[in-house]
Amino acid sequence: MATDFQSWHQVVFNSGPLRPAIAGSISMPSIFKPIVHNGPILVDGAVVNPLPLDQADIGTDFLIGIDVNGDPSVGINKTDHRPLDIWFGSAQIMMHSLIAHSMAAYPPDILGVSGPMLPFRRHGILAGARDHHPCGIGKDRFKHMLTRKIEDYIQNKVEPIQSNQR
């Protein structure tokens, strides 16, 4: 998912090449050049929807969310903020609020939390997308939770939930 910079609407990717979709999805404003893909100018999807559980919930048995916003504890005692720190931190605060609303409307079955999507991680994420590798902090714990949820589902311990009825 990305944001169409001109219309201010979200752009949902559900088919097509993976690399341009991810590149558009993580094109952080003022840090990375926007991506032009299939017409619109695309910037980071988090601008309009930082945790798109509403889109991920369509036709799923399990809703899995990955919060890449992080939490404020990382820099809570820092006092020497540069202008870019203030800009990035303010964006994280806005995203945190949007994420809380998204999770209230579409509670995920499993939530993974990663650190903030920092600019230097962009190329690693794009490389991981090429090989379909997950990335993020707590990968082993996340894999364990997912395995347990799938095993419970297979053993009929968990009833499938109809999409959008969470």
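Quick caveat, the model's predicted, so the values are computed rather than measured. (Residues numbered from 1 in each chain as written. Predicted model: local features only at pLDDT ≥ 70, side-chain atom pairs only at ≥ 80, totals over all residues. Heavy atoms only, no water.)

**As for the packing of aromatic side chains**
We count it as follows: Ring pairs are drawn from Phe, Tyr and Trp, using the six-membered ring of Trp, whenever the two centres fall within 6.5 Å, and their geometry is named by plane angle: stacked under 30 degrees, edge-to-face over 60, tilted for the rest. For the exposure calls, accessible area comes from a 1.4 Å probe over protein chains only, and a residue counts as buried if that area is under 20% of its type's maximum, exposed if over 50%, partly exposed in between.
Going through the model one piece at a time under the given rule, you end up with one aromatic pair. When the ring of Trp87 is compared with that of Phe88, the centres are 6.5 Å apart and the planes differ by 35°; the resulting orientation is tilted. Trp87 sits in the partly exposed class, given a relative accessible area of 35%. Assessed through its relative accessible area of 17%, Phe88 is described here as buried.

**Observations concerning the confidence of the model for the protein**
Selection rule: The pLDDT value tells you how sure the predictor is about a given residue, anywhere from 0 up to 100. Here, two residues are considered to be in contact whenever any of their heavy atoms come within 4.5 Å of each other.
On average, residues of the protein score 77 in pLDDT, and 76% of them are at 70 or above. Residue range residues 128–137 is modelled with pLDDT below 50. Its contacts to residues more than four positions away, or to other chains, number twelve contacts.

**With respect to the pairing of strand β6 (residues 110–113)**
Filter applied, for reference: Note on conventions: DSSP H or I runs of at least 4 residues are helices, E runs of at least 2 residues are strands, and numbering of each starts at the N terminus. Following DSSP output, two strands are said to pair if at least two bridges run between them.
Residues of β6 alternate between two faces, with Ile110 and Gly112 buried on one and Leu111 and Val113 left unburied on the opposite face. Here four bridges tie strand β5 (residues 64–67) to β6, and the two strands are oriented parallel to one another. Note on β6: the bridge partner recorded for Ile66 is Gly112.

**Observations regarding the sheet that holds strand β3 (residues 35–36)**
Cut-off, in case you're wondering: The angle between two axes is taken between their N-to-C directions and runs from 0 to 180 degrees, where each axis is a line fitted to C-alpha atoms and a helix contributes only its stretch in contact.
One open sheet holds the four strands; their spatial order is β2-β1-β4-β3, and the pairing between them is antiparallel. The sheet is open, and its two borders are formed by β2 (9–11) and β3, each paired with just one other strand. Sheet topology places strand β1 (residues 2–4) next to strand β4 (residues 41–44); three bridges connect them, and they run antiparallel. Residue pairing across strands places Asp4 opposite Leu42, the latter belonging to β4. Of the strands in this sheet, β1, β3 and β4 touch helix α1 (residues 18–25), which is tilted by about 65° from β4.

**With respect to unusual backbone geometry**
Keep in mind that most residues, glycine aside, have a negative phi and that most peptide bonds are trans. Of note, Trp8 is a non-glycine position whose phi angle comes to about 70°, a positive value. One can find Trp8 in the loop between β1 and β2. Residue Trp8 is classed as exposed on the basis of its relative accessible area of 69%. One non-glycine residue with positive phi stands out, namely Asn38, at about 55°. Tracing the chain through its elements places Asn38 in the loop between β3 and β4.

**Side note on the environment of Met28**
Position of Met28 among the secondary structure elements: in the loop between α1 and β3. You can call Met28 buried: its relative accessible area is 5%. Separated by 18 residues in sequence, Met28 and Ala46 place their C-alpha atoms 8.7 Å apart.

**As for the side chain of Ser27**
Our working rule: The term polar contact refers here to a pair of N or O atoms within 3.5 Å; inside protein, the definition further demands a hydrogen-donor-capable atom paired with an acceptor-capable atom, and it admits residues adjacent in sequence only when both atoms are side-chain atoms.
For Ser27, the location among the structural elements is in the loop between α1 and β3. A polar side-chain atom of Ser27 sits 2.6 Å from the main-chain carbonyl oxygen of Ala23.

**Remarks on the pattern of salt bridges**
Under the convention used in this document: When a carboxyl oxygen of Asp or Glu lies within 4 Å of a side-chain nitrogen of Lys or Arg, that pair is called a salt bridge.
Counted by the stated rule, this structure contains two salt bridges. Ionic pairing is found between Asp85 and Arg82, a salt bridge with its closest N-O pair at 3.4 Å. Taking relative accessible area as the criterion, Arg82 reaches 54% and is therefore assigned exposed.

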